Amino acid sequence: DLLIAIPADRALSFAVQASTYFENKTKELFSQADDHFFKDKFANKGCTISLGIAMGKYHHPFRVLLSQALELLDHAKLAGSKDSASQAFLVPSYMDFHVATQSHQLSIDDIRRRDYTFKREGENGVEEFHRTLRPYRVDEAKKLFDAATKLKRSKFPSTKLNELYRAALENR
C-alpha cells in the first residue's frame, strides 16, 4: 500500500494518472522479462492497482481521512474482484473516493447509506436506489473526469451545476 498526501483538487487526476502509469510500466517490464510466468499469466497486460481517496480540508483530522481512505481502498479492491473482467492474477483497477465534510469519525458505509441511498415503493415492492456508482473502474472514472473537465471549460453556469447537485440529493 502507498499513502500520498496531495492537494484535494489534484487527487483524482493524480490517481487516474498513477494507475495508468503503473499498469503501462509493469506491462512494459513484463514484456521484457525472461521469466515466462509474467508473459504467460499477464498475457501482455500490466499490474493494476486499487485506490482509496479521502479528501478533506487542511484542518480535517488526518486520522479520520486515513481511516476513510483505508475503507475506500477496501471498497475498490472488492469491486475489482467482482468485476466480470477479473481473472486469476488480474483484476481491473478501481478507485473509490469521498469528500469529507464532517470531522467526526463516520464510516463510508454509514455516510453512503444515509446520504446516497433512498427507498421508493415500486412495482416489485420497496426498491433501493443509490445516488452514486462508486467505486469506479479507473478507465470509467477517467471518462467521467474528462466529461467534467469539458463541462467546466465550456463555462457551464455554476448555478445550473448547483441545481443539478441539489436535484441529485433530493428526497434525502
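Our structure is the block above this text.
Below you will find a few notes about this structure. Model, not experiment: these values are computed from the prediction.

As for the overall build of the protein chain
Part 1: What the protein chain contains, in helices and strands, is 6 helices and 5 strands.
Part 2: The order of α-helices and β-strands along the protein chain, N terminus first, is α-α-β-α-β-α-β-β-β-α-α.
Part 3: Put simply, the protein chain has 172 residues, and 30% of those count as buried.
Part 4: In the protein chain, the share of contacts with a sequence separation of at least 24, taken over all contacts with a separation of at least 6, comes to 63%.
Part 5: For the protein chain, the accessible surface area stands at approximately 12100 Å², while carbon and sulfur atoms represent 55% of it.
Part 6: Treating the 27 positive side-chain charges of the protein chain as one cloud and the 23 negative ones as another, the clouds have centres 7 Å apart.

Here we look at the pattern of salt bridges
Part 1: Throughout the structure, instances matching the rule amount to 9 salt bridges.
Part 2: We note a salt bridge from Arg-112 to Asp-96, for which the minimum N-O separation is 2.6 Å. Placement of Arg-112 in helix α4 (residues 108–115) and of Asp-96 in strand β2 (residues 94–99) is noted, with a sequence separation of 16 residues between them.
Part 3: Its relative accessible area of 0% is what places Asp-96 among the buried residues.
Part 4: A salt bridge links Arg-137 to Asp-139; its shortest N-O distance comes to 3.1 Å.
Part 5: Within the structure, one salt-bridge network assembled from shared partners comprises Asp-83, Arg-137 and Asp-139.

Remarks on the sheet that holds strand β1 (residues 50–55)
Part 1: Taken together, the 3 strands give an open sheet; going across it, the order is β1-β2-β5, and neighbouring strands pair in mixed fashion. Only two strands of the sheet have a single neighbouring strand rather than two, namely β1 and β5 (136–137).
Part 2: Two strands pair when backbone bridges link them, and β1 and β2 are joined in this way by 6 bridges, in the parallel orientation. Each residue of the ladder has a partner; that of Gly-52, found in β2, is Asp-96.
Part 3: Sheet strands in contact with helix α3 (residues 62–82) are β1 and β2, and its direction is about 150 degrees off that of β1.

Concerning the nonpolar core
Part 1: Formed by 13 residues in total, the largest nonpolar core has its most connected members in Leu-12, Leu-51, Ile-53, Met-55, Met-95, Phe-97 and Phe-145.
Part 2: Counting residues per element, this core draws most heavily on helix α1 (residues 8–32), which supplies 4 residues.
Part 3: One finds Ala-54, Leu-65, Ala-100 and Ile-111 within the second-largest nonpolar core, a separate group that totals 10 residues.

Analysis parameters
Positions within a chain are numbered from 1, following the residues in the order the chain's sequence is written. Only residues with pLDDT of at least 70 are given local features in this predicted model, and only at 80 or more are side-chain atom pairs given and counted; all residues enter the totals for whole chains, interfaces and linings. As a rule here, side-chain values come from all non-hydrogen atoms in the structure, and water together with hydrogens is ignored. Under the DSSP-based scheme used, a helix requires at least four consecutive residues in state H or I and a strand at least two consecutive residues in state E, with every element numbered from the N terminus. Here the term buried applies to any residue with accessible area under 20% of the maximum for its type, exposed to any over 50%, and partly exposed to those in between, with areas from a 1.4 Å probe on protein chains only. For this analysis, residues touch if any pair of their heavy atoms sits within 4.5 Å. Methods summary: accessible areas were calculated by the Shrake-Rupley approach with a probe of 1.4 Å, and residue burial reflects only the protein chains presented. Here Asp and Glu are counted as negative and Lys and Arg as positive; His is not counted, and neither are the chain ends. Positions of charges follow a simple convention, taking NZ of Lys, CZ of Arg, CG of Asp or CD of Glu. A pair is scored as a salt bridge if a Lys or Arg side-chain nitrogen falls within 4 Å of a carboxyl oxygen belonging to Asp or Glu. Strands are labelled as partners when DSSP assigns at least two bridges between them. The axes used here are C-alpha line fits, helices contributing only the stretch in contact, and every angle between their N-to-C directions lies in the interval 0 to 180 degrees. Buried Ala, Val, Leu, Ile, Met, Phe, Trp, Tyr and Cys residues form a nonpolar core when they are joined through side-chain atoms within 4.5 Å.

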